[in-house]
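Here is what each chain is made of, one letter per residue.
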Amino acid sequence: MRVVTSNEHEFHPIGSSSDLEVCMVREADDGGISGFIRIRKGATLPRHRHIAAEETYMIQGRMDLGDGRIAQAGDYLLMNTSSF
């Protein structure tokens, strides 16, 4: 079992913007990754692709999904590669 405690989370900027930060917690042998992404209020997540499904659990805040829906704290999102 691997436990990453809240005081071990190290967030690092994604790209040149300080609006997006990532904290990687696991890299799997098959290329999959797990981590946390912190998006500053008002920031836009760049369009991107994944090689497999993307799972998101909203811990805090709200996020416009771009299709008329708003995700909020407590919501779980599963986006299959076919839905991109």
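None of the values given here were measured: they were computed from a predicted structure.

Concerning the pattern of salt bridges
Piece 1. One pass over the structure, following the stated rule, counts three salt bridges.
Piece 2. Its salt-bridge partner being R40, residue E21 comes within 3.0 Å of it at the nearest N-O pair. A residue pair is termed long-range when its members are at least 10 positions apart, and E21 in strand β2 (residues 20–27) and R40 in the loop between β3 (33–39) and β4 (54–57) qualify at 19 residues.
Piece 3. Looking at E21, the relative accessible area reads 12%, which means it is buried.
Piece 4. When the shortest N-O distance is used, the salt bridge between R69 and D67 registers 2.6 Å.

Quick word on the sheet that holds strand β1 (residues 12–13)
Piece 1. Read across the sheet, three strands follow the order β1-β2-β3 without closing on themselves; strand pairing throughout is antiparallel. Bordering the open sheet on either side are β1 and β3, each of which pairs with just one other strand.
Piece 2. For β2 and β3, the ladder comprises seven bridges, and the chain directions are antiparallel. For V22, the partnering residue across the bridge sits in β3 and is I37.

Comments concerning the environment of G32
Piece 1. Among the secondary structure elements, G32 is positioned in the loop between β2 and β3.
Piece 2. On the basis of relative accessible area, G32 is assigned to the partly exposed category, the value being 27%.
Piece 3. On a C-alpha basis, the gap between G32 and E21 in space is 18 Å, while along the polypeptide they are 11 residues apart.
Piece 4. If we skip the residues at most four places from it in the chain, G32 touches R26 and E27.

Quick notes on the side chain of T56
Piece 1. Here T56 is to be found in strand β4.
Piece 2. Not counting residues up to four positions away in its chain, the partners in contact with T56 are D75, Y76, L77 and M79.

The rules behind the values
Every residue gets a number counted from 1 within its own chain, in the order that chain's sequence is written. Confidence filtering applies because this is a predicted model: local features only for residues at pLDDT of at least 70, side-chain atom pairs given and counted only at 80 or more, and all residues used for totals across whole chains, interfaces and linings. The side-chain values count all of the structure's non-hydrogen atoms but skip hydrogen atoms and water molecules. Salt bridges are counted wherever a side-chain nitrogen of Lys or Arg sits within 4 Å of a carboxyl oxygen of Asp or Glu. For the purposes of this entry, the term helix denotes a DSSP run of H or I that reaches at least four residues, the term strand denotes a run of E that reaches at least two, and both are numbered from the N terminus. The buried label applies to any residue whose accessible area, calculated with a 1.4 Å probe on protein chains only, is under 20% of its type's maximum; exposed applies above 50%, and partly exposed to all values in between. Strands were regarded as paired on the criterion that DSSP finds at least two bridges between them. Note on definitions: a residue-residue contact is assigned when non-hydrogen atoms from the two residues lie within 4.5 Å.

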